[in-house]
Amino acid sequence: MTSLGQLDLDSETAFALLPELVMLAGVLAIIVIPNLGDAKFRLPLTRIRIPILVGGSRLESTNDPRLPNRIATLTFSVAFAASLLMIDSSSEEVGGLLRSDAFSRLFSAIFIGALLLVSAATTHRIPAKQNAAVPKEDDSESIASRKISVLMDNRRQVDFHILLIMVGLGMSLMAMSTNLFMLVVCIELASLSTYVLVAFHKEEEVGGEAGAKYFIVGSAASAVGIYGMSLLYLWSGDLALESLAIKWAEMQGIDPFAAFGIGLMMVAFGFKVSAAPFHLAAPDAYSGASSPISGLLATASKAMGFVALFRVLVMITAPDYGEEASWFLMLAIIAVITMTWGNLAALTSENPKRMLAYSSVAHAGYMLAAISVIGSGLAGEEGTRIILIAITFHLAVLVLFKLGAFLVLALLETDGRGHRMEDLHGLGRKEPLIAGSMFLFMLSLAGVPPLSGFLSKLLMVNGIVSSSADTGNSSAADVYSWMDTVDPVFWLAAAIVVNSALSLFYYLRLSLVMFFEEPEKSPRLKSASSLRMAIMACSILTVLCGIGPVSEWLVSLVSTSIDSLMG
Amino acid sequence: MMNDPLSVITLAPIAVGMALLILPKLTDSAEGLARASRAISMGVSLAMLAITTMVFLGEIGNIDWSDYGSGYSLTNDSFLLIPSIGVSWTVGIDALSFPMVWLTTLLIPISMLVEWDAKRGHLFHPLILIMEGALIGVFVSLDMFVFYVFWELTLVPMFFLIMVWGGEDRRYASLKFFIYTFTASVIMLIGILVMYLYTPDVASSGTITGHTFDLGVMVSSASGIPSEGLRHLVWIMLLIGFATKMPSVPVHTWLPDAHVQAPTAGSMLLAGVMLKMGAYGFLRIAVTALPESTIAFIPLLLFLGMVSLVYGAWVCMGQTNLKRMVAYSSVSHMGLIFLGIATMQPLGIAGALFMMFAHGIISPLLFAVAGAFKHHYHTLEIGSMRGIAHHSPWLAGHMMLGWMASLGLPLLAGFVAEVTILIAFWMTFGWLVLLPALTLIITAVYYLTSMQKTIFESDDPHHGILPESLHGEDPSDITWHENAGMLILGAFTVLFGILPFIFWDMMSDWSSGFMLEFLTQAMESEGVKP
């Protein structure tokens, strides 16, 4: 490797890495603060006792089991604000491996924003109780087990939130990586943490199974990807993205090392974005994990995969105008299979979490289709830019409505429900605001105007059509002969439209059971204030990001970041 | 944008309605607000009626309705909503939309009046207010995106009106209503998007897609869609969206269910204004943007219109449920609108426009009558109650006026529309006119027989035969507010029957301008004689 420079922590780099340093401080705080106690050190031979804080019995303020959650939420809020503010600042190289620019900062804002919502939801999903009682000898078995589970939830707080911040750290650094090796290491940091988070309720069978499945498939995919990376290294001798791109452009024909390397890396990234046929573990993982974590997998983790695809496919191997990339056809076919498979499977699932998991597979298909258009060589620079803006915008707003939908399920889960369609019955009458938000999320997922899901889908379809529709013979007499002449890329747009129409059925089905079906029994949902606030924030932003000044601000933010990616 | 009356009448009802729905929930001390919300809603809707009427009286002389190209009036500087995809807030009216806007503002206070004592009125009246804003938004917006948003927004209050205040089968009816119209409008959306993707490049205006949703641009550039086949496809997609709303056979089946289950005010608005959205959108978008396709598909329009007309009327004869019968008669009358458009005569199109307006006055009257009947006699079965004239002479009078107007009695509003459409039909299709003309006889048959069965025909000259659903109790007479609402509607039915030119002039000017601008040229190129 050529430029693995020193990482000098001067004030400039410190500022460039501000969100990451905040998260690092958050991790340290979560480890240290709950252990602070009233221990004192007596100076030998005197009576003076100096408080040393570490050890002894805990202080009143540090003994609160809710502390880790608060620290994590605070950490994510600060880091989120920092990333958002840094989008407009100039790009800054850090240590030759990282670059803080508008693109990476936008994505760290997306990742950390998602994590902020997850951490707010976890306050109620894995609740910590102050003054939890210890089971006594004469407690009946059920009471004792309930008390034990409360105690376990209290014990788990620290682990859970450290892992959550580690996910943020890995994802955020990953968006900044300018070196393939760094990129893969950061993905692994984030992935390994998510494997544990998925299996977090290991005493439950589904949780353990989901985590194990996700871990095994995920690590196999990573292994394949790393093998691919090693092939790329053999081919180029350098893993810096820029030199890889130059090497690729200079390459005569197709070097098998390079092609295999890229192809194998696609497997790893394909698993992250849950593209068919690597998506099979996703529905199990999503339905086994607690809902906020499933939402995290469906949004932030997916966005991470797409950043990797941007970096590798678009930045290294994008073809010149008029040429077709070697991966174009493969990716286009995978995209169509992914979206169709996702939607068909979602149509038949009876578990809302599985349904959302499959719908997220379908959404990955839409975005892959858009990426594959870049590979077709029809897009040109302007077309590429529009498509990248569309995908990035979609990933950003997906955090609002996809994660929002999972948060609604998380609210149901606080009562141990949310795994069956029946659990949603009657929600419209009991909780009109929550059901209304869920309805909005579903409509936005389906892409109904004026919600933000429509805007992003329209931008994608527009990108595809404007690259391809001109290829059709405009003087064709009837629609069949026109269809014959149009470039096959056009059919990707048609596939997205048809699939969106198909997806309406299950989104509407989920929405309508909330209003139409009578509930079997109707206990009121827990008050869960911060979770409700998170859901409300998501639903308001889902509308605002679709129409009006907020959406415009977001689009301009996204286009700045794409401009910085494309240089 | 706030000093422009059209934005006010669109947004104010929605804002006030939302506030009335939400505010009482948020604060505990706002019970007074909940109690007052009925009065506030009525006040706002009357203010909207006043504004629209003032606009009508103030601007009527200054507008050249026949100048189609710049015929939109009251447009202001547009306000960009989503610059990145070219969506802006642009509103305007012309002779196609103005009567509909006025009709909406007229029907909203009347439907509130008729259901003045609705259960859960603090929710009911604000919902109707939201409905008003959404309906007006459909008619005034000159941006396709905004148009579509309002189009879908009308579904929400109507859905809740049917589901919360509806009859026994309300779940089924509201679900069917929602699924039919929503699916159809998604198909329409695809058509709109195809048109959008072929608007000329306007990259200078700050869009990143290079296209715009501006109605005028979309309509004029629709001929740039490559290949006739694709244009026809777009036209068909638009037709599916609009015809389902109208509704035309074979996608009409949601309408009778929705009407029978909906509360009176819901039925009045559904029949009075919502059905007209279909015809309005068809003329505004499908016919205007793709005149060649329209002309190529005249046989289809003719077929749909004819089948709707005849089938609707035929089915009416077999109905025993009052509301269902009126619903099918709406299907039948909407068929006439298609026939009017299919004539491709200025007279026929003007007749279709007047039909939209006249049916918008008459059918709410019919549904108000049916609602009052249900309310006081607890049944909708025709024939279970005989001799209403003895018990509720006012109700009998309104019923008779409404039915007479609906079957097209001269000097009432429906006659003007029917006769102009038939004349235009004769001018274009010759003796084929006998088919729609004879169908009007069927209309007369079902109205007259049910009139005889309900209003008259009692064995006892002093008492009617009361339905079993009353369990032997005496029915109460209709309330003052029901009576007042029906009186106003009845008065307008007569007024527009005697003085149709209040709106007729602008409609006929508009249709001739419209023909000149779009259809004549297209007809020549398609080889059809104008």
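What you are looking at is a predicted structure, and each value in this text was computed from that prediction instead of being measured. (Residues numbered from 1 in each chain as written. Chains lettered and ligands numbered in written order. Predicted model: local features only at pLDDT ≥ 70, side-chain atom pairs only at ≥ 80, totals over all residues. Heavy atoms only, no water.)

Chemist: Can you explain the overall build of chain B? Please cite residues and give values.
Modeler: In terms of helices and strands, chain B carries 21 helices and 2 strands. Considering chain B as a whole, with its 530 residues, one finds that 64% of them fall into the buried category. A fraction of 79% describes how many contacts in chain B between residues 6 or more apart in sequence connect residues 24 or more apart. Summed over its atoms, the accessible surface of chain B is roughly 17900 Å², and 65% of this surface lies on carbon and sulfur atoms. (Helix = DSSP H or I, 4+ residues; strand = E, 2+ residues; numbered from the N terminus. Buried < 20%, exposed > 50% of the residue type's maximum accessible area, 1.4 Å probe, protein only. Contact = heavy atoms within 4.5 Å. Areas by Shrake-Rupley, 256 points an atom, 1.4 Å probe, with all protein chains shown as cover.)

Chemist: I'd love a proper account of the overall build of chain A, names of residues and values included.
Modeler: For chain A, the count of helices and strands is 21 helices and 4 strands. Against the 2.2 N^0.38 benchmark of 24 Å for 567 residues, chain A shows a C-alpha radius of gyration of 25 Å, consistent with a compact globule. Taken over the C-alpha atoms alone, chain A extends approximately 95 × 65 × 45 Å along its principal axes. The 567 residues of chain A split such that 60% are buried. A separation of at least 24 residues holds for 79% of the contacts in chain A among residues at least 6 apart in sequence. Accessible area of chain A: about 22100 Å², with a carbon and sulfur share of 64%. Taken together, the 36 basic and 47 acidic charged side chains of chain A have centroids lying 15 Å from each other. (Rg over C-alpha atoms; globule rule 2.2 N^0.38 Å. Lys, Arg positive; Asp, Glu negative; His and termini not counted. Charge placed at Lys NZ, Arg CZ, Asp CG, Glu CD.)

Chemist: Provide a residue-level description of a nonpolar patch on the surface, including the pertinent values.
Modeler: Residues and elements named next belong to chain B. Taken together, the side chains of Trp314, Met317, Val419, Ile423, Trp426, Met427, Trp431, Leu434, Leu438, Ile441 and Val445 make up a nonpolar region of the molecular surface, amounting to roughly 1100 Å² of accessible area. For the nonpolar patch, the secondary structure elements donating two or more residues are α13 (298-317), α18 (413-429) and α19 (434-454). You can see Met317 is positioned in helix α13. (Patch = residues over 30% accessible without salt bridge, like charges linked within 9 Å, V, L, I, M, F, W, Y side chains within 5 Å. Salt bridge = Lys/Arg side-chain N within 4 Å of Asp/Glu carboxyl O.)

Chemist: Which residues make up the packing of helix α14 (residues 322-342) of chain B against helix α15 (residues 346-377) of chain B, and what values go with them?
Modeler: Working note: a packed helix pair is described by the angle between its axes plus the distance between those axes. All names here are of chain B. Across the interface, α14 lies against α15 with an axial gap of 9 Å and an inter-helix angle of 175 degrees. The angle between α14 and α15 places the two elements in the roughly antiparallel class. The residues of α15 that touch α14, namely those facing Leu322, Lys323, Val326, Ala327, Ser330, His333, Met334, Leu336, Ile337, Gly340 and Ile341, are Gly348, Ile349, Ala352, Met355, Met356, His359, Ser363, Leu366, Phe367, Ala370 and Phe373. Of the residues contributing to the contact of α14 with α15, the split by class is 15 nonpolar, 6 polar and 1 charged. (Axes fitted to C-alpha atoms, helices over the stretch in contact; angles between N-to-C directions. Parallel < 35°, antiparallel > 145°, perpendicular 65-115°, else oblique. Nonpolar A, V, L, I, M, F, W, Y, C, P; charged D, E, K, R; others polar.)

Chemist: Can you explain the pairing of strand β1 (residues 79-82) of chain B? Please cite residues and give values.
Modeler: Residue and element names in this part refer to chain B. Across 3 bridges, β1 lies against strand β2 (residues 87-89) in antiparallel orientation. Along β2, the bridge assignment pairs Ile82 with Val87. Between β1 and β2, which follow one another and run antiparallel, lie 4 residues, and Gly86 among them has a positive phi close to 75 degrees. (Pairing = 2+ DSSP bridges.)

Chemist: So what's going on with the interface of chain B and chain A? Residues and values would help.
Modeler: Counting residues at the interface gives 33 residues for chain B, matched by 36 residues for chain A. When the two sides are added together, the surface that chain B and chain A hide from each other amounts to roughly 3000 Å², 78% of it contributed by carbon and sulfur. Area buried by chain B at its contact with chain A is led by B:Arg171, B:Leu197 and B:Ile208, which between them contribute 20% of it. Of all the elements in the fold, those that place two or more residues in the side of chain B that touches chain A are β1, α5 (144-153), α6 (155-165), α7 (170-197) and α9 (228-245) of chain B. In terms of residue count, α7(B) provides more of the side of chain B that touches chain A than any other element does, 12 residues in total. In terms of residue class, the side of chain B that touches chain A is made up of 25 nonpolar, 6 polar and 2 charged. (Buried area = accessible area lost by both parts, 1.4 Å probe.)

Chemist: Requested: an account of the environment of A:Gly295, with residues and values cited.
Modeler: As for its position among the elements, A:Gly295 is in helix α11 (residues 291-317). Once the C-alpha coordinates of A:Gly295 and A:Phe406 are considered, the two residues, 111 residues apart in sequence, prove to be 5.3 Å apart.

Chemist: Tell me about the packing of helix α6 (residues 180-198) of chain A against helix α7 (residues 205-236) of chain A, and please be specific about residues and values.
Modeler: Residue and element names in this part refer to chain A. At a minimum axis separation of 9 Å, α6 and α7 run at an interaxial angle of 170 degrees. Judged by the angle between their axes, α6 and α7 are roughly antiparallel. Of α7, the residues touching α6 (which contributes Leu180, Phe181, Val184, Glu188, Leu192, Thr194, Tyr195 and Val198) are Gly207, Ala210, Gly211, Tyr214, Phe215, Gly218, Ser219, Ser222, Ile226, Met229 and Leu232. Looking at the contact of α6 with α7, its residues break down into 12 nonpolar, 6 polar and 1 charged.

Chemist: Now, about the confidence of the model for chain A: what can you tell me, with residues and values included?
Modeler: Detail in the predicted coordinates should be disregarded across regions flagged by low pLDDT. For chain A, per-residue confidence averages 86 on the pLDDT scale, and 95% of positions sit at 70 or higher. Within chain A, α6(A) carries the highest mean pLDDT (93), whereas helix α18 (residues 479-485) of chain A carries the lowest (68). (pLDDT = per-residue confidence, 0-100.)

Chemist: I'd like to hear about the side chain of A:Asp101, residue by residue, with values.
Modeler: Residues and elements named next belong to chain A. Take Asp101: it is sitting in the loop between β4 (98-100) and α4 (102-125). Asp101 gets classed as buried once you look at its relative accessible area, which sits at 4%. Once residues within four sequence positions are removed from consideration, Asp101 is found in contact with Ser91 and Ser564.

Chemist: Lay out α4(A) in plain terms, naming residues and giving numbers.
Modeler: End to end, α4(A) covers 34 Å across 24 residues, agreeing with the expected 34 Å (1.5 Å per residue, within 8%). In terms of residue burial, α4(A) counts as a mostly covered element, since 21 of its 24 residues are buried. (Expected span 1.5 Å × (residues − 1).)

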